Amino acid sequence: MSLRIHELAKRHNMEGKDMLALLKERGYVSAETKSVSSTVANIYVEEIEKEFATKVAAAATAAPAEPAVVKEPEDETPHVRSPHGAFVKTKDDVDREKAAAAAAKAAALKPAVAPAPVATPPPLPPRHVAPASAPSAPRPVTIPTAPPRVAPPPPPAAKAPPAPPPLPPPRVVAAAPVSTPPPVGVPAPVSAPPVIHPVMKAPAPVAPPPVAPIAPRHFGAPPVLPPLPGVSPAPIAPPTPTAAAPAAVPPGEFKTIHLKPPIVVRDFATALGLKPFRLISELNQAGGFASMNSNIDEAIATKVAEKHGFLLEIKHRGEPGVQQQAQKKEKQVEEDESKFLVSRPPVVCILGHVDHGKTSLLDAIRKANVAAGEAGGITQHIGAYQIEYQGRKITFLDTPGHAAFSKMRARGANVTDIAVLVVAADDGFMPQTDEALKHAQNAKVALVVAVNKMDVKGANLDQVKAQMQQRNIAPEDWGGETITVPVAATKGQGIDSLIEMILLQADVLELKANPKAEASGVVIESQVDVGRGPLATVIVQRGTLRVGDALVCGACYARVRAMFNDQGENVKEATPAAPVRVIGWSGTPESGAIFKAVKNAREAEKLAEEEQLRLRKAATASDATPKEVSVEQLFANIAATQAKVLKLIIKTDVFGSAEAVRTVLEGIKSTKVSLELVSAEVGLVTKNDVLMASAAGATVIGFNTKLENGVTPLAKHHSVRVETFSIIYELADRVKEMMADLLEPDIKEIKTGAAEVRQVFPLAKGFVAGCLVTEGKITRNASARLRRGRELVHEGKIATLKRFKDDANEVRAGLECGIKLDDFNGYQAGDVIEVFEIQKVRASL
Ligand SMILES: Nc1nc2c(ncn2[C@@H]2O[C@H](COP(=O)(O)OP(=O)(O)OP(=O)(O)O)[C@@H](O)[C@H]2O)c(=O)[nH]1
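Conventions used here
- Residues numbered from 1 in each chain as written.
- Predicted model: local features only at pLDDT ≥ 70, side-chain atom pairs only at ≥ 80, totals over all residues.
- Helix = DSSP H or I, 4+ residues; strand = E, 2+ residues; numbered from the N terminus.
- Buried ≥ 20, exposed ≤ 12 C-beta atoms within 10 Å, placed from the backbone.
- Contact = placed C-beta atoms within 7 Å.
- pLDDT = per-residue confidence, 0-100.
- Core = buried A, V, L, I, M, F, W, Y, C linked by C-beta atoms within 7 Å.
- Domains from an automatic or database assignment.
- Pairing = 2+ DSSP bridges.
- Axes fitted to C-alpha atoms, helices over the stretch in contact; angles between N-to-C directions.
- Right-handed = clockwise from strand over helix to strand, strands pointing away.
- Parallel < 35°, antiparallel > 145°, perpendicular 65-115°, else oblique.
- Left-handed = near helix turned anticlockwise from the far one by under 90°.
- Nonpolar A, V, L, I, M, F, W, Y, C, P; charged D, E, K, R; others polar.
- Expected span 1.5 Å × (residues − 1).
- Arc of directions from axis to C-beta.

**Student:** Can you tell me about the overall build of the protein, naming the residues and giving the values?
**Tutor:** Broken down by element type, the protein carries 24 helices and 37 strands. Split into buried and exposed, the 845 residues of the protein put 38% on the buried side. Long-range contacts, defined as pairs at least 24 residues apart, comprise 70% of the intrachain contacts of the protein with a sequence gap of at least 6.

And the structure:
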């Protein structure tokens, strides 16, 4: 809401430009505002209205006290202060003046103020500034000090003392400019405008201090700020507290105010002791648009604060003070939490080289547990399980063994407290043993080495220990710190002591968690279950996870519908280190991802959506980023687009397998054929996968998963290849074959036989070579070449093959035969005729 300046002026019988000047002075419009058709905000319109109303009221109440004015003829200008501090007169004032002047005239018998201007009709609006071009225009200003020129000689006042002397000199000075047009506006109007007031701004040098004492009598209460130059503000009007506060602070006496970003107009105004609208006006003048809840730029806020006599200190988050406070708070939380910390079971993972016995060891441990009396439930593979040994629990991550799972293993090591490194006693350290050791060391987890297969021939514990020493993980009995346990997994030997050592290590680590905290933990693996939807096995690291909790995990969220332990039992809650399979996810969260419980499902969904958005943005941004391409790269890219592509849709049983397959496929390198994963998801191979493959020209690969009903006929109908595997090596080999099949086959020459020319026989037409077959067999119509020593003399086909006089289809090694090659006749004894077949073989990658 706003009002045009000229409209506002009209309401108050003012000229537009006067109103504009007034508004500018108040800071209600920008100093740059030039046009009266500009608008002024409603909030200021109201201020102006209030102000003018106050003045009218003040003037009205001041009227009865007026006689005093009569006694002060020198002060012909009973003043009301204009909204901007200038002196103005009300109609009553003018009437009183007239009466007073007449009385004075009569008394003083002195030629006085000319009545002429008074008579001049047009009720001059507020102006005292007469344009130079219109000197004849009726002027509201009369000069009391120079009356004789105009005034008709009035009858001399008998009793009046000489009147003029009391006139204060400034008034005379003030009068002078009247003849000069622009800067007039002098506070001495005798002739009066009928209405409230014109704006009469006293020029600085003119406005005299003597005026001051008079003013309050007629004063409303101008809420005005800047004290007029030359006019002491104090006696004129008690400034409003808000307006006065900033101006009251003398320079050098700055008070400091502390604010935290963002600096909001409302708060900032409160801190400065300003009314918000004043602050808004100042900010608007400084450029830009501010509203009550706008944030203010820190630099501008600092300046504004200084202007009002304050030093603004902005405390950013992360600044020492804030950080210290945060740390203190964190420490406090920790201290509070330490009260609730209780011992928790260790989380253990088993790492090692292929076939060194990880699975056997896990089985042996599980069996030991079963033997210890935990029997009953049918254990389920959920990626992790818990055993209880002598009343203490241990969580084992059931990690897969192949190198392809190294990514998951690496994450596994990060979730765990203790890594058991399995080393076969006969093989010793192998490449994957070192890789696993690296993961464990990077994850800074405690290490226990299980030297397995101690029962096999060739087991050499000392050799393994020596290798450990070389790797700076010397065993305890060799002066090092690494707990080393010899075991034979398949025979169950040493398993108890391995578990005891794990528990000992756990004691050393003093593993604790707060079961009362909000639940958080790590996803071990996830999959899609037909009927139950996405499932994820998680390990709770902190707090207690309960059915009904809302979880967020990256771009996925869940409301825990149900939870199952590794025995397949329905559980209502999971405490720290407990592995549980959670149902109720929106998708399949990634292995190794962190989940945490949040306030409610809505919050979880919101956070997950934000993450999805972030990921999408990141993907778009990376796609959009222009990359510098060299000419070589350009050609390489062109070649790449021409290269053959094998498109695959992968479906696996669990998320970890999908990653493993992906890793294996990434390992297939070829410059001729590239691989493109259209998708890699968890679940059954569905008809939808087939349709997608048909559209994309892809092949569907299932790993450890089955086909949905109807997939096979649909695939046949759409000529889509669907293949399933349960062994990852076979999958990799088959994919390599498929890739190679996309290439033109290589042509291979296979020598099938050779014959030596012994004698040359003339025929009716040409010659025939009498040969002895020296190797393989010679076949009619086979491709052949004739060599003489190293020289290739002729290449053609076996046109005629005779055994004695009869035609033969083939003649085997050790037999004699007659051979005629096409129309060749230049045989010589000793020549060798080689026979070969051309075969197309699968191209190499
Ligand atoms: N003699 C003997 N054989 C063992 C022992 N432990 C494992 N094996 C055998 O070693 C082979 C590999 O064992 P796994 O437990 O499958 O080895 P892994 O490390 O899990 O293998 P991946 O899962 O392929 O990495 C199997 O044939 C086991 O029977 C042991 O202590 N003694």
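**Student:** Run through the confidence of the model for the protein, naming residues and quoting values.
**Tutor:** When pLDDT is averaged across the protein, the result is 73; 67% of the residues are at 70 or more. Scored below 50 in pLDDT, residues 108-252 shows 256 contacts in the model against residues more than four places distant or in partner chains. Contacts of residues 401-405 to residues separated by more than four positions or lying in other chains number 16 contacts, the stretch itself having pLDDT below 50. Interface confidence for the predicted complex, given as ipTM, is 0.98, next to a pTM of 0.45.

**Student:** Any details on the nonpolar core? Residues and values, ideally.
**Tutor:** Of all hydrophobic cores here, the largest spans 79 residues; its most connected members are F396, L421, A450, V487, V538 and L551. The greatest single-element share of this core, amounting to 7 residues, is contributed by strand β13 (residues 418-424). There are two domains that each give this core at least three residues, and those are domain 3 (342-512) and domain 4 (520-620). Contacts of V487, omitting those with residues within four sequence positions, involve L361, A450, V451, N452, M454, Q493, G494, I495 and L498.

**Student:** Let's hear about the sheet that holds strand β15 (residues 483-486): which residues, and what values?
**Tutor:** Within the open sheet, the 6 strands sit side by side as β11-β12-β10-β13-β14-β15. Their pairing is mixed. The sheet terminates laterally at β11 (384-389) and β15, the two strands that pair on one side only. With strand direction ignored, the average angle separating the axes of adjacent strands in the sheet is 30 degrees. Direction of pairing for strand β10 (residues 347-352) relative to strand β12 (residues 392-397): parallel, over a ladder of 3 bridges. Bridge pairing links V347 to T395 in β12. In the packing of helix α17 (residues 461-470) onto the sheet, contacts are made with β13, β14 (446-452) and β15, and the angle to β14 comes to roughly 155 degrees. The strands that helix α18 (residues 495-509) touches are β10, β11, β12, β13, β14 and β15; relative to β14, the one it contacts most, it runs at about 170 degrees.

**Student:** Explain the pairing of strand β29 (residues 722-725) to me, using residue names and the numbers behind them.
**Tutor:** In this structure, strand β28 (residues 699-703) lies alongside β29, joined through 4 bridges in parallel fashion. Bridge pairing in β29 places F703 opposite F725. Tracing the backbone out of β28, into helix α23 (residues 711-717) and back to the parallel element β29 gives a crossover that is right-handed.

**Student:** Account for the environment of S591, naming residues and giving values.
**Tutor:** Relative to the helices and strands, S591 is located in the loop between β24 (579-585) and β25 (594-598). On the basis of neighbour count, S591 is assigned to the buried category, with 24 C-beta atoms found within 10 Å. Sequence separation between S591 and V522 is 69 residues, and the spatial gap between their C-alpha atoms is 7.9 Å.

**Student:** How would you sum up the sheet that holds strand β27 (residues 673-682)? Please name residues and give values.
**Tutor:** The strands making up a sheet associate through backbone hydrogen bonding, with each pair oriented either parallel or antiparallel. Spatially, the 4 strands line up as an open sheet ordered β27-β26-β28-β29, and their pairing is parallel. Each having just a single partner strand, β27 and β29 make up the two edges of the open sheet. Here the strands of the sheet are splayed against their neighbours by 25 degrees on average, with no regard to which way each runs. Each of β26 (644-652), β27 and β28 is contacted by helix α21 (residues 655-666), which is oriented at about 180 degrees to β27, the strand it contacts most. Across the sheet, helix α22 (residues 687-696) lies against β26, β27, β28 and β29, angled at about 170 degrees from β26, the strand it touches most.

**Student:** Mind laying out the packing of α21 against helix α24 (residues 728-741), listing which residues take part and the relevant values?
**Tutor:** Where α21 meets α24, the closest approach of the two axes is 10 Å, and the angle between their N-to-C directions is 45 degrees. With respect to α24, the axis of α21 lies oblique. As for the relative orientation of α21 and α24, their crossing is right-handed in sense. Of the residues in α24, those in contact with A660, V661, V664 and L665 of α21 are I728, L731, A732 and V735.

**Student:** An account of the packing of helix α10 (residues 265-272) against helix α11 (residues 276-285) is requested, with residue identities and associated values reported.
**Tutor:** With their axes 9 Å apart at the nearest point, α10 and α11 run at an angle of 110 degrees to one another. The orientation of α10 relative to α11 falls into the category roughly perpendicular. Contact residues: α10 offers V265, R266, F268, A269 and L272, while α11 offers P276, L279 and I280. Across the contact of α10 with α11, the residue classes break down as 7 nonpolar, no polar and 1 charged.

**Student:** Explain unusual backbone geometry residue by residue, including any values.
**Tutor:** For E510, which is not glycine, the phi dihedral falls at a positive 50 degrees. Along the chain, E510 falls in the loop between α18 and β16 (512-513). Despite not being glycine, D822 shows a phi value in the positive range, around 35 degrees. Its place among the elements puts D822 in the loop between β36 (816-821) and β37 (832-841).

**Student:** Residues and numbers for helix α16 (residues 431-442), please.
**Tutor:** Across its 12 residues, α16 extends 17 Å between first and last C-alpha, which sits within 8% of the 16 Å expected from 1.5 Å per residue. Along α16, the residues that are buried comprise T433, A436, L437, H439 and A440. Burial along α16 is one-sided: seen end-on, the buried residues are contained in an arc of 160 degrees. Those residues of α16 that are exposed and aimed more than 90 degrees away from the buried face are P431 and N442. Looking one or two residues beyond α16, the residue adopting positive phi is K444, at roughly 55 degrees.

**Student:** Tell me about the environment of A9, residues and numbers included.
**Tutor:** Relative to the helices and strands, A9 is located in helix α1 (residues 5-11). Along the sequence, A9 and L20 sit 11 residues apart, while their C-alpha atoms lie 8.2 Å from each other. Residues in contact with A9, not counting those within four places in the same chain, are M14, E15, G16, D18, M19 and V36.

**Student:** Explain the pairing of β11 to me, using residue names and the numbers behind them.
**Tutor:** In this sheet, β12 lies alongside β11 in antiparallel orientation, the contact comprising 6 bridges. What sits directly across from A384, in β12, is L397. Between β11 and β12, which pair antiparallel in sequence order, lie 2 residues; one of them, Q390, sits at a positive phi of approximately 50 degrees.

**Student:** So, the environment of L545: which residues are in play, and what are the values?
**Tutor:** Turning to its location among the elements, L545 is positioned in strand β19 (residues 545-546). We classify L545 as buried; it has 27 C-beta atoms within 10 Å. With 29 residues separating them along the chain, L545 and K516 place their C-alpha atoms 9.8 Å apart.

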